[in-house]
Amino acid sequence: MTASPDEHEEAIRDRPHSRATPARARRNPALVQADILEVATAEFAEKGLSGASVNEIAEKTQTTKRMIYYYFGGKEGLYTAVLERNYKLIRELEHEVDLEHAEPVDALRLIAELTFDHHDTHRAYVRLVSGENMMKGKYIRQSDEVAGLGMPVLAVLEDVLRRGQEAGVFRRDVEAIDVHMLINSVSLFRISNQYTFDALFQRNLAADELRSHLRTVIGDVTVRYVCI
């Protein structure tokens, strides 16, 4: 979505005169947008798209509602930008890990543990994913930027699987997308279902004392699924 010309003009007029926006931020649009996205991530993760308020986000970022509309085109545009930012983040983290020089088994475990660590330290991301699934993926399907973000991680997994198969340690009937699904199912479940699981089994999956154990579990399960 894009803002109307009137909204753009109002936003532009607001920028140099807004008392709420710090002078340093007004001189740096990228800083303003990054701040808005950070606060909006927490708001959408906590309250969902319908419950989050653009006015509250503006207040917490010391900017204006008009400024948010200027940069993101509206509430739905801001929500989509939040989704894009969070999906890009995990893809960037995956690219930072040196897998090329790791043995296939070690590389696979590294991918599993990286995903576990990301979901553990970015719990807002897990809530955003859960909320977007409740809306049947409506907004992520509309995003051209998110559309291609799944392919790089599959390419990485395919390369690791290929190396393992060539070395004779991995099964040849395993698909990268199944491995990706397996890793994410456990990592996401630990955060998204922590309260219901605790109520049923009196075990808090997100407790610090279980973190190391469950991190090892996801690595072990992934490796054992793929190995011959």
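Since the structure is predicted, the reported quantities are computational estimates derived from the model, not experimental observations.

Novice: Whenever I open this one, the overall build of the protein confuses me. Can you help?
Specialist: When helices and strands are counted, the protein shows 14 helices and 0 strands. Along the chain direction, N to C, the helices and strands of the protein fall in the order α-α-α-α-α-α-α-α-α-α-α-α-α-α. Classification of the 228 residues of the protein by burial places 42% in the buried group. Within the protein, residue pairs in contact and separated by at least 24 positions form 70% of the contacts whose partners lie at least 6 positions apart. For the protein, the computed accessible surface area is about 12800 Å², with 52% contributed by carbon and sulfur atoms.

Novice: Looking at this structure, how should I read the environment of Thr 121?
Specialist: In this fold, Thr 121 is placed in helix α7 (residues 104-121). You can call Thr 121 exposed: its relative accessible area is 54%. At 2.8 Å, the side chain of Thr 121 forms a polar contact with the backbone oxygen of Asp 117. A polar contact of 3.1 Å, which involves the side chain of Thr 121, links it to the side chain of His 122.

Novice: Whenever I open this one, the packing of aromatic side chains confuses me. Can you help?
Specialist: A complete count under the given rule lists 7 aromatic pairs for this structure. Look at Tyr 71 and Phe 72: their rings are 6.4 Å apart centre to centre, the planes differ by 65°, and that puts the pair in the edge-to-face class. Accessibility classification places Tyr 71 together with Phe 72 in one group, the buried group. These aromatic residues form a ring-pair network of at least three members: Phe 44, Tyr 79 and Tyr 139.

Novice: Sorry if this is basic, but what is going on with the packing of helix α8 (residues 123-134) against helix α12 (residues 176-192) here?
Specialist: Remark: α8 packs on α12, axes separated minimally by 10 Å, with the N-to-C direction vectors making an angle of 95°. In terms of axis orientation, α8 runs roughly perpendicular to α12. Mapping the contact onto sequence places Arg 123, Tyr 125, Val 126 and Ser 130 in α8 and Leu 188, Arg 190, Ile 191 and Ser 192 in α12. Across the contact of α8 with α12, the residue classes tally to 4 nonpolar, 2 polar and 2 charged.

Novice: Explanation requested: the side chain of Arg 190 in the structure shown.
Specialist: Position of Arg 190 relative to the elements: it lies in helix α12. Within the local environment of Arg 190, its side chain forms a polar contact with the backbone oxygen of Leu 205, the two atoms lying 2.9 Å apart. Setting aside residues no more than four positions away along its own chain, Arg 190 makes contact with Phe 116, Asp 120, Arg 123, Leu 205, Ala 206, Ala 207, Arg 211 and Leu 214.

Novice: Even after reading the chapter, I still don't get unusual backbone geometry, so can you show me in this structure?
Specialist: Of note, the phi angle at Gln 62 is positive, near 55°, even though the residue is not glycine. In this fold, Gln 62 is placed in the loop between α4 (54-60) and α5 (65-72). Even without being glycine, Lys 136 reaches a positive phi, approximately 60°. Locating Lys 136 in the fold gives a position in the loop between α8 and α9 (138-142).

Novice: I would appreciate a short explanation of the side chain of Gln 165 in the present structure.
Specialist: Mapping Gln 165 onto the fold places it in helix α11 (residues 150-166). With residues near it in sequence (within four places) discarded, Gln 165 still touches Phe 170, Arg 171, Arg 172 and Val 174.

Novice: It is not clear to me how the pattern of salt bridges should be interpreted in this structure. Could you clarify?
Specialist: Oppositely charged side chains can form a pair if their charged atoms are brought close together. In total, this model carries 16 salt bridges according to the counting rule given. Between Glu 43 and Lys 60 there is a salt bridge whose closest N-O contact spans 2.5 Å. Of this pair, Glu 43 sits in helix α3 (residues 29-51) while Lys 60 sits in helix α4; the two residues are 17 residues apart in sequence, bridging distant segments of the chain. Residue classification places Glu 43 among the buried residues on the basis of a relative accessible area of 6%. A residue is classified by how much of its surface remains accessible, and Lys 60, at 49% relative accessible area, is partly exposed. Measuring nitrogen to oxygen at the nearest pair gives 2.9 Å for the salt bridge that ties Arg 123 to Asp 120. Look at Asp 120 and you get buried, because its relative accessible area is 12%. A network of salt bridges, in which partner residues are shared, links Glu 113, Asp 117, Asp 120, Arg 123, Arg 190, Arg 211 and Arg 215.

Novice: Quick question: what am I supposed to make of the nonpolar core here?
Specialist: Across soluble globular proteins, nonpolar side chains show a tendency to be buried alongside one another. With 24 residues, the main nonpolar core has Ile 36, Phe 44, Ile 57, Ile 68, Phe 72 and Leu 78 as its most contacted residues. Sorting elements by how many residues they give to this core places α3 first, with 8 residues. Grouped together as the second largest cluster of nonpolar side chains are 22 residues, Leu 161, Leu 205, Leu 210 and Ile 218 included.

Calculation notes
Residues numbered from 1 in each chain as written. Predicted model: local features only at pLDDT ≥ 70, side-chain atom pairs only at ≥ 80, totals over all residues. Heavy atoms only, no water. Helix = DSSP H or I, 4+ residues; strand = E, 2+ residues; numbered from the N terminus. Buried < 20%, exposed > 50% of the residue type's maximum accessible area, 1.4 Å probe, protein only. Contact = heavy atoms within 4.5 Å. Areas by Shrake-Rupley, 256 points an atom, 1.4 Å probe, with all protein chains shown as cover. Polar contact = N/O pair within 3.5 Å; in protein donor to acceptor, adjacent residues only side chain to side chain. Phe/Tyr/Trp six-rings, centres within 6.5 Å; stacked < 30°, edge-to-face > 60°. Axes fitted to C-alpha atoms, helices over the stretch in contact; angles between N-to-C directions. Parallel < 35°, antiparallel > 145°, perpendicular 65-115°, else oblique. Nonpolar A, V, L, I, M, F, W, Y, C, P; charged D, E, K, R; others polar. Salt bridge = Lys/Arg side-chain N within 4 Å of Asp/Glu carboxyl O. Core = buried A, V, L, I, M, F, W, Y, C linked by side-chain atoms within 4.5 Å.

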